[in-house]
Amino acid sequence: MTLLDVEGVAKSFPARRRKAVVRAVRDVSFRLDRGQTLGVVGESGSGKSTTARLVLGLIRPDAGRVHLDGMDVLAARGDRLHALRRRMPMVFQDPYSSLDPTWTVRDIVTEPVRLGRRRDRAVPATRAAELLELVGMAPAFAQRYPHELSGGQRQRVAIARALACDPDLVALDEAVAALDVSTRAGIIGLLQDLQTSLGVAYLFISHDLALVRLVSHEVAVMYLGRIVERGPTERVYAAPAHPYTRALISAVPVPDPVVQRNRTRPPVLGEVPSALAVPSGCAFHPRCPLATDICRTIDPPVVDLDDGHAAACHHVALITKEGVS
Amino acid sequence: MTTVTTRPESAFAAFRRRFVRQRLAVVMAGVIAVMVLVALLAPWITPLDPNAQALLDRLAPPSTKHWLGADDLGRDVASRLIIATRATIWAGLLATCVSLLIGLPFGLLAGYLRGWADTVLSRAADALMAIPPLLFAMAIVAVLGRGVTNAMIAIGVVTAPRFFRVARGVALVIREETYIEAARSIGCPTGRIVRTHVLPNMMSPLIVQISVTMGFAILFEASLSFLGLGVQPPDASWGSMLQRSTRFAGDAPWLVLLPGLAILLTVLAFNTVGDAVRDSVGRENRRLA
């Protein structure tokens, strides 16, 4: 059942220089089912975070539609918008700045509960303890301040706060990127357990391809503000249909040194262009080994391949026939 | 399950530790505490009636009867200094409250909302800053009548841009913090964000500004009373005592010295404590102060 339906969302920001425009997100569409995880991958500046903020109603898009559970997010205003946002809270990358330093953990995790009520009636004292238990923390942490906690503990608090919203969807914006490896494993395990027990969907934003493969049911690959490929995780990783995805996946090191040494990797030329000057036609064409004349002039539409696997490339047929190189 | 380990020093404990290291500030905080206490208890602790004239004691030097001497009308200087403390602290509080109540909300609004609200309010604040406080207070007193209340409300209005600037500047920084976006992402309404997230995070710079403005306002109260536009006779004020005694400075120097020292000490105390608070705020909050 579709929980989140995003269609044709776009957003540009005025650049510091007058007249210039940063095209942060261009024509992004995807769907996310209840209890599923959509991994969004891409280089920094590819529009992953902006996409999340557009979907959550934190930034107003220039175009497009966003529906959560059939309700129009972009048409909502005031209290209705606030109530909608509470159904899809966000967990941020840096747990050192995403918690208000003047609040205790108890107040932080129960804030959504207080917001959801007509009046500020006292939240039952046990609520904070329940929420902390859900993320594997002792109730005694309720009286602590954020600066007294470690990074992993803070991120658990941030997750507890998101769960206090009783959410349908949690957006995780690089939520484990700032944690060290062992802590990261703990948080990922916690997120997966919570998905199983609470049936919450995740919008999992990350630049870590291996991690996305591990947690996501579906992935969307972004390049310069567009989704260039999306589909079921295993299918995309096993048979990437877009040259950019192929390049990304081949850049992930393989544990076996022999295999790693002998792999042939498709070349990606140069650097990511600036979002201030998105190339004509297919935005990837200046770096693409397969680029032809049509790529320079026409932006390829997203073409369905099979079973929800789709890619935006003029040469999809060529790649899929050739197989993974 | 993560276990609770030993608790690190709380933010307040760290603040206290740094503050106490500054000896002068601790002494000055004591001075302020005594001043406030004296102001509260003034009517009950004056040795003699501060307004009672004893012409036989005119310009009497310090003695057992008049601890700090008597003025040109034979009024007890110690009693007058004590009762004047009350007027001084009240005047300072009044001006600071008016200043805070005008400057803070507009500053929060301008800094958090930015855009045209910021432009309009900042221009208004700049315009207000351009008015000389003393002249403005004199003009207000001329229109509304003499008295500390009118004068101090005027001073409060003219000094409001100080709080405006602090509140706006800090709000501009805080609005970019992730915890503000985090609050937005769980559907916290704007007014509530400003009240519960922005305001508590600017307490330390505000306390500094309150302290400094108190000193400033007290100086203006003394100036206005010196000019005869503040506290009205026969009631005592450090400023008016100073003005009256200048004529007898040669015969009775303590008459000039004592109110002058009182003003100096009080203003110095508020400024020193303000600076010390700023220096004692934790590293993470210092950039705001």
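Quantities reported herein were computed from a predicted structural model and do not represent experimental measurements.

S.K.: A description of the overall build of chain B should follow, citing residues and the corresponding values.
M.R.: Counting secondary structure elements, chain B contains twelve helices and zero strands. Listing the helices and strands of chain B from first to last along the sequence gives α-α-α-α-α-α-α-α-α-α-α-α. C-alpha atoms of chain B, sized along the principal axes, occupy 80 × 50 × 30 Å. Classification of the 289 residues of chain B by burial places 48% in the buried group. Contacts in chain B between residues far apart in sequence, at least 24 positions, make up 73% of those at least 6 positions apart. Summed over its atoms, the accessible surface of chain B is roughly 13,900 Å², and 68% of this surface lies on carbon and sulfur atoms. With 27 positive and 17 negative side-chain charges, chain B shows a separation of 7 Å between the mean positions of the two kinds.

S.K.: Pulling in residues and values, what's your account of the overall build of chain A?
M.R.: Regarding its fold elements, chain A presents twelve helices and twelve strands. The C-alpha radius of gyration of chain A comes to 21 Å, within 12% of the 20 Å expected for a compact globule of 325 residues. Per-residue burial for chain A yields a buried fraction of 53% across its 325 residues. Expressed as a percentage of contacts within chain A between residues at least 6 apart in sequence, the contacts between residues at least 24 apart total 62%.

S.K.: Describe the packing of helix H3 (residues 105-115) of chain A against helix H5 (residues 151-164) of chain A, naming the residues involved and giving the relevant values.
M.R.: Residue and element names in this part refer to chain A. As a packed pair, H3 and H5 sit with axes 7 Å apart at the nearest point and diverge in direction by 25°. On the basis of the axis angle, H3 is roughly parallel to H5. Between H3 and H5 the crossing geometry is right-handed. From H3, Val105, Ile108, Val109, Glu111, Pro112 and Val113 reach across to H5, where they touch Val157, Ala160, Arg161 and Ala164.

S.K.: Go over the sheet that holds strand S2 (residues 21-33) of chain A, please, and point to the residues and values.
M.R.: Residue and element names in this part refer to chain A. Spatially, four strands are ordered S2-S1-S4-S5 in an open sheet, and the strand pairing comes out antiparallel. Edge positions in the sheet fall to S2 and strand S5 (71-72), since each has one partner strand and no second. Relative to strand S4 (residues 63-68), strand S1 (residues 2-14) is paired through five bridges, and the arrangement is antiparallel. Counterpart to Val6 in the pairing with S4 is Val66.

S.K.: I'd like a rundown of the pairing of strand S11 (residues 303-306) of chain A, residues and numbers included.
M.R.: Residue and element names in this part refer to chain A. By the bridge criterion, three bridges tie S11 to strand S12 (residues 309-311) in an arrangement that is antiparallel. Residue pairing across strands places Asp304 opposite Ala310, the latter belonging to S12. Once S11 ends, the chain turns through two residues before running back antiparallel as S12, passing Asp307 with a positive phi of about 40°.

S.K.: Can you lay out the environment of Ala275(A) for me, pointing to particular residues and giving the numbers?
M.R.: Residues and elements named next belong to chain A. By the element assignment, Ala275 lies in the loop between helix H10 (257-262) and helix H11 (293-297). Along the chain, Ala275 and Arg23 lie 252 residues apart, while their C-alpha atoms are 5.6 Å from each other. Beyond its immediate chain neighbours, meaning those up to four positions away, Ala275 contacts Val21, Val22, Arg23 and Leu224.

S.K.: Could you give an account of the sheet that holds strand S9 (residues 218-223) of chain A, with specific residues and numbers?
M.R.: Through backbone hydrogen bonds, the strands of a sheet pair up, either in parallel or in antiparallel fashion. Residue and element names in this part refer to chain A. Pairing within the open sheet is mixed, and its eight strands lie in the order S6-S7-S8-S3-S9-S10-S12-S11. Edge positions in the sheet fall to strand S6 (90-91) and S11, since each has one partner strand and no second. Where S9 meets strand S10 (residues 226-232), six bridges bridge the pair, whose relative direction is antiparallel. Pairing of Ala220 across the sheet is with Arg230, part of S10. Each of S9 and S10 is contacted by helix H9 (residues 243-251), which is oriented at about 105° to S9, the strand it contacts most.

S.K.: Break down the packing of helix H3 (residues 77-113) of chain B against helix H8 (residues 190-198) of chain B for me, with residues and values.
M.R.: The axes of two packed helices give the description: the angle between them and the distance between them. All names here are of chain B. Where H3 meets H8, the axes come as close as 12 Å, and the angle between the chain directions of the two elements is 110°. The pairing of H3 with H8 is recorded here as roughly perpendicular in orientation. Regarding H3 and H8, the two cross each other, and that crossing is right-handed. Contact residues: H3 offers Leu108, Tyr112 and Leu113, while H8 offers Thr190, Ile193, Val194 and Val198. For the contact of H3 with H8, the residue count by class is six nonpolar, one polar and no charged.

S.K.: Please provide a residue-by-residue account of the interface of chain A and chain B, values included.
M.R.: The partner chain B presents 28 residues to the 35 residues of chain A that form the contact. Both faces combined, the contact of chain A with chain B buries some 2,700 Å², and carbon together with sulfur accounts for 54% of it. Contact with chain B buries surface across chain A, with Leu58(A), Leu115(A) and Arg144(A) losing the most and accounting together for 18% of the total. In this structure, the connection of chain A to chain B is made through one salt bridge. Residue Glu181(B) pairs with Arg53(A) through a salt bridge whose shortest N-O separation is 2.5 Å. If you look at where chain A meets chain B, you find eleven residue pairs in polar contact (both at pLDDT 80 or more). Of all elements in the fold, only helix H2 (78-86), H3 and H5 of chain A reach the threshold of two or more residues within the side of chain A that touches chain B. In terms of residue class, the side of chain A that touches chain B is built from 16 nonpolar, eight polar and eleven charged.

S.K.: Talk me through H2(A); I want residue IDs and the actual numbers.
M.R.: Residues lying three or four places apart along an α-helix face the same way, a consequence of the helix completing one turn every 3.6 residues. Taken as a whole, H2(A) has its buried residues at Leu81(A), His82(A), Leu84(A), Arg85(A) and Arg86(A). The elements touched by buried residues of H2(A) are S4, S5 and H3 of chain A together with helix H7 (178-185) of chain B.

S.K.: Explain the pattern of salt bridges to me, using residue names and the numbers behind them.
M.R.: Residues and elements named next belong to chain A. Here the structure, examined in full by the defined rule, presents 28 salt bridges over all chains. Across the pair Arg26 and Asp299 runs a salt bridge whose closest N-O atoms are separated by 3.8 Å. Here Asp299 lies in the loop between H11 and S11 and Arg26 lies in strand S2, a separation of 273 residues in the sequence. Here Asp299 falls in the partly exposed class, since its relative accessible area comes to 33%. Members of the salt-bridge network, linked through shared partners, are Arg34, Asp69, Arg87 and Asp168.

S.K.: If you had to explain unusual backbone geometry to someone new, which residues and values would you point to?
M.R.: A cis amide bond links Pro233(B) with the next residue in sequence, Pro234(B), at an omega value of 10°. Relative to the elements of secondary structure, Pro234(B) occurs in the loop between helix H9 (203-226) and helix H10 (238-245). The backbone of Asp166(A) shows a phi angle near 55°, a positive value even though the residue is not glycine. Residue Asp166(A) is classed as exposed on the basis of its relative accessible area, which comes to 65%.

Calculation rules
Residue positions are counted from 1 within each chain, in the order its sequence is given. All chains are assigned letters beginning with A, and all ligands numbers beginning with 1, in the order in which they are written. Thresholds applied to this predicted model are a pLDDT of at least 70 for local features of residues and 80 or more for the giving and counting of side-chain atom pairs; totals over whole chains, interfaces and linings are not thresholded and use all residues. Water and hydrogen atoms play no part in the side-chain values, which are based on all heavy atoms of the structure. In this text, helices come from DSSP runs of H or I with a minimum length of four residues, and strands from runs of E with a minimum of two, each type numbered from the N-terminal end. Whether a residue is buried, partly exposed or exposed follows from its accessible area with a 1.4 Å probe, protein chains only, as a fraction of its type maximum: under 20%, in between, or over 50%, in that order. We call two residues in contact whenever any of their non-hydrogen atoms come within 4.5 Å of each other. Surface accessibility follows the Shrake-Rupley procedure with a 1.4 Å probe radius. Residue values consider only the protein chains on display as shielding. Neither His nor the chain termini are counted; the positive set is Lys and Arg, and the negative set is Asp and Glu. Charged side chains are reduced to one point each, which is NZ for Lys, CZ for Arg, CG for Asp and CD for Glu. The atom set for the radius of gyration is the C-alpha atoms, and the globule formula is 2.2 Å times the number of residues raised to the power 0.38. Here, axes are lines fitted to C-alpha atoms. For helices the fit covers the stretch in contact, and angles between N-to-C directions go from 0 to 180 degrees. Put simply, angles under 35 degrees are roughly parallel, angles over 145 are roughly antiparallel, angles from 65 to 115 are roughly perpendicular, and the rest are oblique. By the definition used in this description, the sense in which the near helix is turned from the far one sets the handedness, with an anticlockwise turn below a right angle giving left-handed and a clockwise turn giving right-handed. Paired strands, as defined in this entry, are two strands with at least two bridges between them according to DSSP. We call Asp, Glu, Lys and Arg charged. Ala, Val, Leu, Ile, Met, Phe, Trp, Tyr, Cys and Pro are nonpolar, and the rest, Gly among them, are polar. Two parts placed together each lose some accessible area under a 1.4 Å probe, and the buried area is that loss summed for both. Salt bridge, as applied in this entry: a Lys or Arg side-chain nitrogen positioned within 4 Å of an Asp or Glu carboxyl oxygen. Residues adjacent in sequence count toward polar contacts only when both atoms are side-chain atoms; beyond that, a polar contact is any pair of N or O atoms within 3.5 Å, and within protein one must be able to donate a hydrogen and the other to accept it.

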